[in-house]
Amino acid sequence: MNPNTQGKETEKPPSSTPRLARKWRVAVLANIKEHDKPLPPDVPPDAGADFDYIETIDHIRAAIETDGHKTLFIQADANLPYALKDAKPDICFNIAEGLGGDAREAQIPALLELLKIPYTGSRVLTNAISLDKTLTKRIWRDRRLPVAPFQEFTFGDEPLRPELHFPLFVKPAREGTGMGVDARAVVNNEAELRERVEYVIRMYHQPALVEVFLPGREFTVGVLGRYDTVLYSRHPEWYNKDGFLRLPVLELDSSRSVTPGVYGIEAKAQSVGAEGAPDYLCPAPIDPELCKKLQHLAYRAHVVLGALDVSRTDFRLDAEGNPRLLEINTLPGLTPGYSDLCIQANAQGISYEDLILEILYLGASRFGLVPPREIPTPQPSKKKTSPLLPKPAAS
Ligand SMILES: Nc1ncnc2c1ncn2[C@@H]1O[C@H](COP(=O)(O)OP(=O)(O)OP(=O)(O)O)[C@@H](O)[C@H]1O
Ligand SMILES: [Mg+2]
């Protein structure tokens, strides 16, 4: 049992697999790295860094096939609509990052909604917002979740707000996998700020997000579920009564990595345990109070943005040691033994196969492909609502 969850697993319904009418044809949708293709001239040097290796797709397919389903892989490019018409999948396992535009992670969910094809994970609006770190932070700030002071630069010559004191941190507003983030993201004066902001706007064709530099430790926390998870999960015993599983906190210690103190594109590309890679500590060596706080904030971050079934929220501590939310990943990496979410699931005692099948089954349940678990009829003399039917969490 993991120390982060110890003592919470009481009064859980027993684990059982929902009985499916039949096995499915599952299409795994992704954008795959293509090393042999030269980059077009107008894209940044790290374009496509968040795309997946074909080996990751193979792992996901193998995991899905352990439960008897048939799988195929479809590249999430402009041919996808035609490929889907040919393949006629029952459901798509979506990990596609999308191609271009201002909300690429929402492109595939939008297409699947248009074609009325079931799919896993968050829907269009959440995936669009979560890719946009500025918009995400505005929503979180509105719901009183702690974020570092920030300002978005669209043109580059906007006056810097007086509450933003150096050092500051500059990153593209709508990228992932540490794209556009290296040691030069930390700026110490007005000249460095202007140079970096101009670089991000020109190179990434999008606004630059400028935040107060957070000097403290870095953590990330995965969340599985939604308010009615226990009706459909193959493992209802994993979840709290509210329908959510807060995974163990993972600390990313980049102090001895290739980019000391910054978990950016280069540090993320190193294999776990290799020279120059960050140290991945899971469960994080932190006191239980901080652990609880981070897990609660990750849960709130997920609910407030309307994330479904899976997400991972990144944090850093500020100069006073208080956690600040950096961003949420509603399409977190799923490479076994490497991606943060897989490391956290492993620390929780959840196998890779079970993690992938859980995301699949929770997604499928939203489209009526999984029958709800039978709920015992409540006794009139006792509580009015069943513990198996939690109310939606207030957001
Ligand atoms: N305000 C900040 N202060 C200090 N470091 C920061 C700040 N913002 C980001 N970083 C560093 O840059 C890294 C990447 O930033 P962030 O998590 O926002 O972007 P990302 O590229 O979308 O990440 P992911 O790979 O999780 O998608 C963080 O992991 C952290 O090390
Ligand atoms: Mg991040």
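So, how was this worked out
- Residues numbered from 1 in each chain as written.
- Chains lettered and ligands numbered in written order.
- Predicted model: local features only at pLDDT ≥ 70, side-chain atom pairs only at ≥ 80, totals over all residues.
- Buried ≥ 20, exposed ≤ 12 C-beta atoms within 10 Å, placed from the backbone.
- Helix = DSSP H or I, 4+ residues; strand = E, 2+ residues; numbered from the N terminus.
- Pairing = 2+ DSSP bridges.
- Domains from an automatic or database assignment.
- Contact = placed C-beta atoms within 7 Å.
- Axes fitted to C-alpha atoms, helices over the stretch in contact; angles between N-to-C directions.
- Core = buried A, V, L, I, M, F, W, Y, C linked by C-beta atoms within 7 Å.

Caption draft 1: Just the pairing of strand 12 (residues 309-317), in detail. Burial of strand 12 is extensive: eight of the nine residues sit out of reach of the surface. Bridge count for strand 8 (residues 218-225) against strand 12 is eight bridges, and the pairing is antiparallel. From the neighbouring strand, Leu224 faces strand 12, where its bridge partner is Val310. In terms of strand pairing, strand 12 meets strand 13 (residues 323-329) through six bridges, oriented antiparallel. Bridge assignment links Asp314 to a residue of strand 13, and that residue is Glu327. The loop that links strand 12 with its antiparallel partner strand 13 comprises five residues; one of these, Gly321, has a positive phi angle of about 85°.

Caption draft 2: Inspection of the domain arrangement of the protein chain at higher detail. When the domains of the protein chain are assigned, the result is domain 1 (25-133 + 216-249 + 284-365) and domain 2 (149-212). On a C-alpha basis, the centroid separation for the pair domain 1 and domain 2 is 27 Å. Facing nine residues of domain 1, the contacting portion of domain 2 comprises nine residues.

Caption draft 3: Here's a closer look at the sheet that holds strand 1 (residues 25-30). What the three strands build is an open sheet, ordered 2-1-3; its pairing is parallel. Looking at the sheet topology across the chains shown, the edges are occupied by strand 2 (70-75) and strand 3 (91-94). Geometrically, the sheet is characterised by an average inter-axis angle of 30° between neighbouring strands, direction not taken into account. Bridge analysis of strand 1 against strand 2 gives six bridges, and the strand direction is parallel. Counterpart to Val28 in the pairing with strand 2 is Phe73. Packing against the sheet, helix 2 (residues 80-87) makes contact with strand 1 and strand 2, and its axis sits at approximately 160° to strand 2.

Caption draft 4: Representation of unusual backbone geometry. Cis geometry is adopted by the peptide bond preceding Pro167, which originates at Phe166 and carries an omega value of 0°. Relative to the elements of secondary structure, Pro167 occurs in the loop between strand 4 (150-153) and strand 5 (168-172). Note that the residue after Cys282, namely Pro283, is joined by a cis bond; omega there is 0°. With respect to the helices and strands, Pro283 occurs in the loop between strand 11 (279-281) and helix 9 (288-304). You will see that His205, though not glycine, has its phi angle at about 50°, which is positive. Looking at the secondary structure, you find His205 in the loop between helix 6 (190-204) and strand 7 (208-212). Judged by the 14 C-beta atoms lying within 10 Å of it, His205 is partly exposed. One non-glycine residue with positive phi stands out, namely Asp309, at about 75°. Summarising the element assignment, Asp309 is placed in strand 12.

Caption draft 5: Looking closely at the nonpolar core. By size, the foremost hydrophobic cluster in this structure holds 99 residues, and its most contacted members are Val170 and Ile356. The residues that make up this core include at least three from each of domain 1 (25-133 + 216-249 + 284-365) and domain 2 (149-212). Contacts of Val170, omitting those with residues within four sequence positions, involve Ala185, Val187, Leu193, Arg196, Val197, Val200, Ala208 and Val210.

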